[in-house]
Every structure is written in C-alpha cells, then in structure tokens.
Amino acid sequence: MKITMIGAGYVGLVSGVCFSDFGHEVICVEKDRNKLAQLQAGEVPIYEPGLKSLMTRNIAEGRLTFSDDLETAMDGSDAVFIAVGTPSRRGDGFADLTYVYDTAREIGQKLKTPTVVVTKSTVPVGTNREVQRIIAACNPATEFAVASNPEFLREGSAIEDFMRPNRVVVGVEDPQAETVLRQIYRPLSLRETPLLVTGLETAEIIKYAANAFLATKITFINEIADLCEKTGGDVQQVAKGIGLDARIGGKFLHAGPGYGGSCFPKDTQALVQTGQQHGAPQRIVETVVAVNAARKSAMTEKIIAACGGDVAGKRIAVLGVTFKPNTDDMRDAPSLVILPELMAAGAEITATDPEAGAEAVQLLPGVDWAKDAYAAAEGADALVIITEWNTFRGLDLPRIAGLLKSPVFIDLRNIYPVDEVQDAGLIHTGIGKGGAG
Ligand code: UDX
C-alpha cells in the first residue's frame, strides 16, 4: 500500500514509521520547515523510545520518506491520513479543528487520483462528515471516501502500542475503503488483533469515550486516596482489592498528582463541550475535569503541610517534571502548577529530570536545575517525587537522608514502600497512605 501521512507530530510520525515497518510505502508530509529538515536528516524531533532505530531502518530500506509536497505525495496513494493537531481552543475547551479543516481543503484542491482520506487526529463527533463535505465541495471530480481511524497510543510506549494494540477501530462506510484499511492493518491480523469496523460517528465517540473513561478511573482512585488519608486506609491495597475484580481491572488505578499530558486534559474538556453542544451533558466527565484541576493545587498544599505548614525560605528538591516518565512532554504536567505555587509561597526549587529540556526550563522560570536526584537533594529542606522515572525508583535512601537538611520525603507516585523510607530515617508522605503519612 502507498500511504501519505499528513503531519509528522507525535501520532503522525509514530504511525507513519510503524506503517512503513509493516512494509507499506509511506510519505510523511510536514509543513514545518525545521521539523522537515530534521526528519530528512534522519533525526527524531521527539523523545520516544525505539522510534529512532525503527525510523532509520525504514528510511534506509527506502519505504519511508519526508516531504512538504502534498500534491506529489498523494498521487497514487491508497490512503491519505490526516494526523494534524487538534489543540484545545483557548477559552472554551472546544477542539480546535482549524488544522483538520485546512488540511481537508488542501486535499480537496490537490487530489488527482482516487483515495481514502483517513482521519487519525482526535476529532469530535461530526468532524469526519464535515471533512467529507469540504473535500467534495473543493473537488467534485475525484473519487474519494472518508474514514475515521482513531489512535490509542501512549507516549513512552507508542511503538509497542502501535505494533501490539488491543484493538484497531475503523469508522468507514464505503466497502472499498474498508478493504484498503483492512489491507493496511493486515500485518496485525497475525496477532489476531480485533479490528472493529463502525460508522464514522461511532469511531469518533469511541476515542473520546476511551480517554474519558481512563481519566475517570484515575480521578476516581485519586478521590479514594483522599478518603484513605483521612481514615487510615491504604489506596494501593484498595486499588489491588478492586482491580482483581475482572470487571474493574487493575490498570489505571495508580493514585497520583492528577493526570496530565497531551490527550486526557484536552479530550475530556472537548467531550464536555461536545456533550453540552448536543444537549447530552457529560456530567461525570465534567466532574472529572474539575476534580483533576483541583488536585494539582491540593498537591501543593500537601507538600506545604509536610514541610510543617510553611515553605517560605525553604529549598525543595523536585524529582521529575514531565507529565509522566519516558517522555520529554511537559503538556499539562502537574509540575507546571505545583512548582510555581510553591515558589509563590516562598520556596526555592531545585529540580531534576532525565529528559525535560529547554522547554521545561522556559516553562518553569525561577527553578534551579540539578544533574541528578542527589545533587538536587543536597542541603534541601524536603524532597518531592512528582514523576516516576525509573532512575528515581532505586534511590539510595540513606544517602538521600544524609544529603537533605531536614528528612522530609514526599512521594507523589507511591513508588517507595513506607517502611523503607522510614527505615532510612526519612519522614514519609505519600498518596492515600492513611496509616503512614
Ligand atoms: C493517553 C492514553 O493512554 C492513550 O490511549 C491515548 O491515545 C493518549 O492519551 P498518554 O497521555 O501518553 O496516553 O499517557 P498515559 O500513560 O495514559 O497517562 C496519562 C496521564 O495519566 C499521566 O499524567 C499519568 O501520570 C496519569 N496516570 C495514568 C495516573 O495518574 N494513574 C494511572 O494509573 C495511569
């Protein structure tokens, strides 16, 4: 199959590289000149484990190229994927569909051979019908069909998620287009990956419902953690106790500082807006959004309380600022709320993170950066783990205790057993650890 992938952002690049690894011929079309130059030079603009080697191999084998020429790329393509961004619109939280509709218009203007236009970007229900209308209005002559193919990959394990998905969802109503999509995903049939074919609207809703459900699961366990803290329960055991029920499942029940990232915050807000717009309010998701937003500031309060109620003039070591491990992504990271609030309360922050780079430095002005956890801890009045990077999972706790000025250890991801922390001479504060801190 010949595939054009429009947009070499997270989803577009990972999907394009993986499709080429399936054996398809893929051209990724990217308008951003800097990014295009990087990609053409074989560099990966994002941090994603395994992506670089896969990309290098498929470029070398001639199946993967990068271009800014959409017209030539689309010529003879069996499928044209739209994988451009759909950020939250400022002010109202609606998904901003400008890039999707602009791309549809461009496809309509430049399409010369019959193809299937597949939306991979996360788009609210109704968008694919509009894409269909826009292309038809620009280009009544060329045959095309529209399909929706939402992506469920997680940052940090994107390659694995793409290559071994739980399911592939395809919203498609044209039988020939369905055949093309089945052909594209045929390599996954060896693993017996379920391919669910639905209508356009259903596929669009599946994507939002999946993300909103997962965000709800996290928010639910976070509130249960609060209850554990007040009553003497242990949220990790509660999560295990409910998660062993196969109807609930144990995944996405890790209590923490609230969800962040490029998807959950944006998609839950967009679903709320879509529900309101269509007279079908999504009240559970509305509450999830509000509870998650409040949680980040609640973490600041927790840290201040662990520091004896006042952080003025105190130095706090912070381990991990990205929204989760194995990514350099700072979007909606809890650290972006917690650190400025601590500084506003008079604290000095020394942070460290294995991947957060220039963007983090720019987003967190006033923060000092240390090369590792021990350098950050030296002389600090407290240590806080915000992101559970592997490198923070095996700390030499007695050494940390020796470096800190006062032994305050706050673990917002519950990565350390309470007794291990206490045995090292540290005062432990975790999440939902009612009996212990
Ligand atoms: C998510 C979805 O998992 C993925 O299917 C979708 O395509 C995009 O959004 P991602 O944002 O990369 O992926 O990360 P994920 O691992 O799902 O974590 C999202 C957030 O939830 C992070 O802030 C993480 O720390 C938090 N989280 C996750 C918890 O707090 N507890 C959990 O148990 C799981």
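Just above sits the structure.
(A) Structural view of the sheet that holds strand E1 (residues 2–6). The eight strands lie next to each other as E3-E2-E1-E4-E5-E6-E7-E8, forming an open sheet whose pairing is mixed. Single-partner strands in this sheet number two, and they are strand E3 (64–67) and strand E8 (195–198). Averaged over all pairs of adjacent strands, the angle between strand axes in this sheet comes to 25°, irrespective of strand direction. In this sheet, strand E7 (residues 168–172) lies alongside strand E6 (residues 144–148) in antiparallel orientation, the contact comprising two bridges.

(B) The site of the ligand, seen in detail. Residues in close proximity to the ligand total 18 residues, the closest being Phe152, Glu155, His254, Gly260 and Arg413. Contact distances for the ligand include 2.9 Å between an oxygen atom and a backbone N or O atom of His254. Compared with its free state, where it exposes 660 Å², the ligand has 92% of that area covered by protein. In terms of residues, the shell around the ligand owes the most to one element, helix H10 (residues 200–231), which gives three residues. Tallied by class, the residues present in the shell around the ligand amount to nine nonpolar, three polar and six charged. Two domains each donate at least three residues to the shell around the ligand, and these are domain 1 (2–198) and domain 2 (213–263 + 292–429).

(C) Spatial organisation of the environment of Arg413. Turning to its location among the elements, Arg413 is positioned in the loop between strand E13 (408–411) and helix H18 (418–423). In this structure, the C-alpha to C-alpha distance between Arg413 and Ala255, residues 158 residues apart in sequence, is 7.0 Å. Apart from the residues lying within four places of it in its own chain, the contact partners of Arg413 are Pro257, Phe323, Ile385, Ile386, Thr387 and Glu388. A polar contact of 3.5 Å, which involves the side chain of Arg413, links it to the backbone oxygen of Phe323.

(D) Seen up close, unusual backbone geometry. Here the phi dihedral of Asn326 falls at roughly 60°; this positive angle occurs in a residue that is not glycine. Mapped onto the fold, Asn326 is located in the loop between strand E9 (315–319) and helix H14 (335–344). Taking the relative accessible area as the measure of exposure, Asn326 reaches 32% and is therefore partly exposed. In the Ramachandran plot, Asn414 falls in the positive-phi region, its phi being about 50° despite a non-glycine side chain.

(E) Highlighting the pairing of strand E12 (residues 382–385). The side-chain alternation of E12 yields two buried faces, one formed by Ala382 and Val384 and the other by Leu383 and Ile385. In this sheet, E13 lies alongside E12 in parallel orientation, the contact comprising three bridges. Each bridged residue has a counterpart across the sheet, and for Val384 the counterpart in E13 is Ile410. For the segment spanning E12, helix H17 (residues 397–403) and E13, crossover handedness is right-handed.

Scoring rules and cut-offs
Residues numbered from 1 in each chain as written. Predicted model: local features only at pLDDT ≥ 70, side-chain atom pairs only at ≥ 80, totals over all residues. Heavy atoms only, no water. Pairing = 2+ DSSP bridges. Helix = DSSP H or I, 4+ residues; strand = E, 2+ residues; numbered from the N terminus. Axes fitted to C-alpha atoms, helices over the stretch in contact; angles between N-to-C directions. Near = heavy atom within 4 Å. Polar contact = N/O pair within 3.5 Å; in protein donor to acceptor, adjacent residues only side chain to side chain. Areas by Shrake-Rupley, 256 points an atom, 1.4 Å probe, with all protein chains shown as cover. Nonpolar A, V, L, I, M, F, W, Y, C, P; charged D, E, K, R; others polar. Domains from an automatic or database assignment. Contact = heavy atoms within 4.5 Å. Buried < 20%, exposed > 50% of the residue type's maximum accessible area, 1.4 Å probe, protein only. Right-handed = clockwise from strand over helix to strand, strands pointing away.

Note that all results are geometric; they support no functional claim without further evidence.
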